[in-house]
Amino acid sequence: MTEILYGNSKENLRKALSAQQNCRVAVITDTNTVNHCLPLVEDALPDNYLRVTFSHGEENKNLSSCEEVWDTLTEAKMDRNALVINLGGGVVTDLGGFCAATYKRGVRFINIPTTLLSQVDASVGGKLGVDFHGYKNHIGLFAEPEMVLIDPSFLITLPERELRSGFAEVIKHCLIADETQWKHLILNHYDKQDWSSIIPHSIGIKSDIVTKDFREGGLRKTLNFGHTIGHALESYYLNIPGKKLLHGEAIAIGVICEAWLSVEYNQMEKNQLIELQDYILDNFGKVKLDMNALDEVMDLMFQDKKNKGNTILFTLLNSIGSACWDVDLPQDAPVKAIGYYDNL
Ligand SMILES: NC(=O)c1ccc[n+]([C@@H]2O[C@H](COP(=O)([O-])OP(=O)(O)OC[C@H]3O[C@@H](n4cnc5c(N)ncnc54)[C@H](O)[C@@H]3O)[C@@H](O)[C@H]2O)c1
Ligand SMILES: [Zn+2]
């Protein structure tokens with residue numbers, strides 16, 4: 001099981017590495033985290049550590065970046081006893097973990113998440129992988145990090161828009177599992193939250209669910225709330241110049257759409273939909289969607305890994321704090337939900 005340590009990452013990394021003997025260490029970063037984050041932990045690394053850096057951004061979360069990583073590990077003759085440290089946001093932890101878990105059939109890895117999104121979500125749970133031919137996380141596997149070292153001081157250099165993106169997953173965790181925390185959350189906007197309490201609480205919800213259902217047989221599907229529509233929008237806009245949506249920005253739209261579905265096709269009360277949509281729009285603003293692109297968005301939705309055959313299966317809310325999964329909806333339901341958002 002993954003050990004999650006919260007606090008000063010340099011100290012925690014030093015402790016983690018002192019327990020390791022005779023293993024080479026590789027640190028995977030992207031072109032931003034190598035500058036902003038590596039200096040915060042570098043003193044704890046052994047002198048001969050290997051640095052691997054690939055270009056930042058979702059558009060580089062692909063197999064050619066993996067090849068770069070595997071090439072560097074191979075040229076440095078890293079063996080199966082090597083330890084990989086993924087230092088970055090969700091792109092680094094997803095891609096670096098995938099590279100580690102497949103290199104020579106798998107070497108151990110530690111995640112040091114440096115974005116809010118990866119600290120509350122992506123760094124824990126063992127879902128690893130990359131995008132492929134425009135489909136999100138299409139190639140990947142499950143493998144868990146040995147440890148996750150969470151340190152909110154990385155967030156100081158994180159751009160505001162990225163911080164807000166991560167906040168979408170904080171919102172999602174409250175909506176599916178904790179109404180009390182939701183009530184507390186909505187007292188402030190994302191830029192006034194107390195991260196030292198929000199982050200451990202949020203990652204706690206995720207790791208609790210993952211521990212109960214690692215292989216996503218049931219309960220873990222609740223974490224997909226907002227992601228069926230959200231992922232399709234994220235994939236579509238990734239390829240439209242100037243319109244790219246960050247993961248959390250797409251999920252924020254998906255949450256409103258799927259909350260609307262929860263009222264239409266499940267038992268959620270309308271006033272809860274209004275409360276959550278007002279809060280999300282206050283924090284994220286309204287995105288102008290291209291309603292002529294719905295066919296393409298629907299094609300992307302049919303590729304969703306949560307589907308069975310030709311049926312799109314949704315996670316819906318029963319009420320704020322409680323979710324259900326595998327809900328089979330009429331074919332036109334997602335288009336209606338996106339239409340609802342568009343009309344807000
Ligand atoms: N595996 C999972 O369970 C899971 C869950 C949620 C999301 N994800 C994935 O996570 C990805 C999104 O993660 P993300 O939002 O962290 O994106 P990201 O990794 O692209 O990071 C966002 C940007 O911030 C930069 N950055 C990172 N840390 C920084 C810091 N401390 N200071 C300054 N800049 C910094 C990065 O270089 C990048 O440009 C998506 O690919 C999504 O699919 C995975
Ligand atoms: Zn997500």
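What comes next is a walk through the structure. (Residues numbered from 1 in each chain as written. Chains lettered and ligands numbered in written order. Predicted model: local features only at pLDDT ≥ 70, side-chain atom pairs only at ≥ 80, totals over all residues. Heavy atoms only, no water.)

Think of a disulfide as a covalent bridge from one cysteine sulfur atom to another cysteine sulfur atom. Taken as a whole and assessed by the stated rule, the structure comprises zero disulfides. Left without a disulfide partner, Cys23 is nearest to the cysteine sulfur of Cys99, which lies 18 Å away. Sulfur of Cys37: no disulfide; nearest cysteine sulfur belongs to Cys99 and is 19 Å away. The exposure class of Cys37 is buried, given its relative accessible area of 4%. (Disulfide = S-S within 2.5 Å. Buried < 20%, exposed > 50% of the residue type's maximum accessible area, 1.4 Å probe, protein only.)

On to the pattern of salt bridges, then. Within this structure, the stated rule accounts for 18 salt bridges. In this structure, Arg14 engages Glu11 in a salt bridge whose closest nitrogen and oxygen atoms are separated by 3.5 Å. Here the residue Arg14 and the residue Glu11 both occupy positions in helix H1 (residues 9-18), the gap between them amounting to three residues, near one helical turn. Look at Arg14 and you get partly exposed, because its relative accessible area is 37%. Here Arg161 and Glu249 are joined by a salt bridge, their closest N and O atoms 2.6 Å apart. Linking Arg161 in helix H7 (residues 160-177) with Glu249 in helix H11 (residues 247-265), this pair joins segments that are 88 residues apart in sequence. The partly exposed category is assigned to Arg161, whose relative accessible area is 42%. On the basis of relative accessible area, Glu249 is assigned to the buried category, the value being 7%. Several salt bridges share partner residues, and in doing so they unite Asp121, Glu169, Lys172 and Lys206 into one network. (Salt bridge = Lys/Arg side-chain N within 4 Å of Asp/Glu carboxyl O. Helix = DSSP H or I, 4+ residues; strand = E, 2+ residues; numbered from the N terminus.)

This part is about a negative patch on the surface. A cluster of acidic residues, Glu67, Glu68, Asp71 and Glu75, forms a negative patch on the protein surface. The topology assignment puts Glu75 in helix H4 (residues 63-75). Residue class for Glu75 comes out exposed when judged on its relative accessible area of 65%. (Patch = residues over 30% accessible without salt bridge, like charges linked within 9 Å, V, L, I, M, F, W, Y side chains within 5 Å. Areas by Shrake-Rupley, 256 points an atom, 1.4 Å probe, with all protein chains shown as cover. Lys, Arg positive; Asp, Glu negative; His and termini not counted. Charge placed at Lys NZ, Arg CZ, Asp CG, Glu CD.)

Okay, the packing of H11 against helix H12 (residues 270-284) next. Where H11 meets H12, the axes come as close as 9 Å, and the angle between the chain directions of the two elements is 165°. The angle between H11 and H12 places the two elements in the roughly antiparallel class. Crossing angle aside, the handedness with which H11 passes H12 is left-handed. Residues Gly248, Glu249, Ala252, Val255, Ile256, Ala259, Trp260 and Val263 of H11 touch H12, and the partners they reach there are Lys270, Leu273, Leu276, Gln277, Ile280, Leu281 and Phe284. (Axes fitted to C-alpha atoms, helices over the stretch in contact; angles between N-to-C directions. Parallel < 35°, antiparallel > 145°, perpendicular 65-115°, else oblique. Left-handed = near helix turned anticlockwise from the far one by under 90°. Contact = heavy atoms within 4.5 Å.)

Here we come to the site of ligand 1. In the region of ligand 1, 28 residues are neighbours, and Asp30, Glu58, Thr115, Lys136 and Thr157 sit closest. In the model, a nitrogen atom of ligand 1 is placed 2.7 Å from a nitrogen or oxygen of the Thr157 side chain. Starting from 870 Å² of accessible surface for ligand 1 in isolation, the protein chains cover 93%. Contributions of two or more residues to the shell around ligand 1 are made by helix H2 (33-36), helix H5 (90-102), helix H6 (116-122), strand S7 (135-142) and H7. Of the residues assigned to the shell around ligand 1, the class counts are seven nonpolar, eleven polar and ten charged. (Near = heavy atom within 4 Å. Polar contact = N/O pair within 3.5 Å; in protein donor to acceptor, adjacent residues only side chain to side chain. Nonpolar A, V, L, I, M, F, W, Y, C, P; charged D, E, K, R; others polar.)

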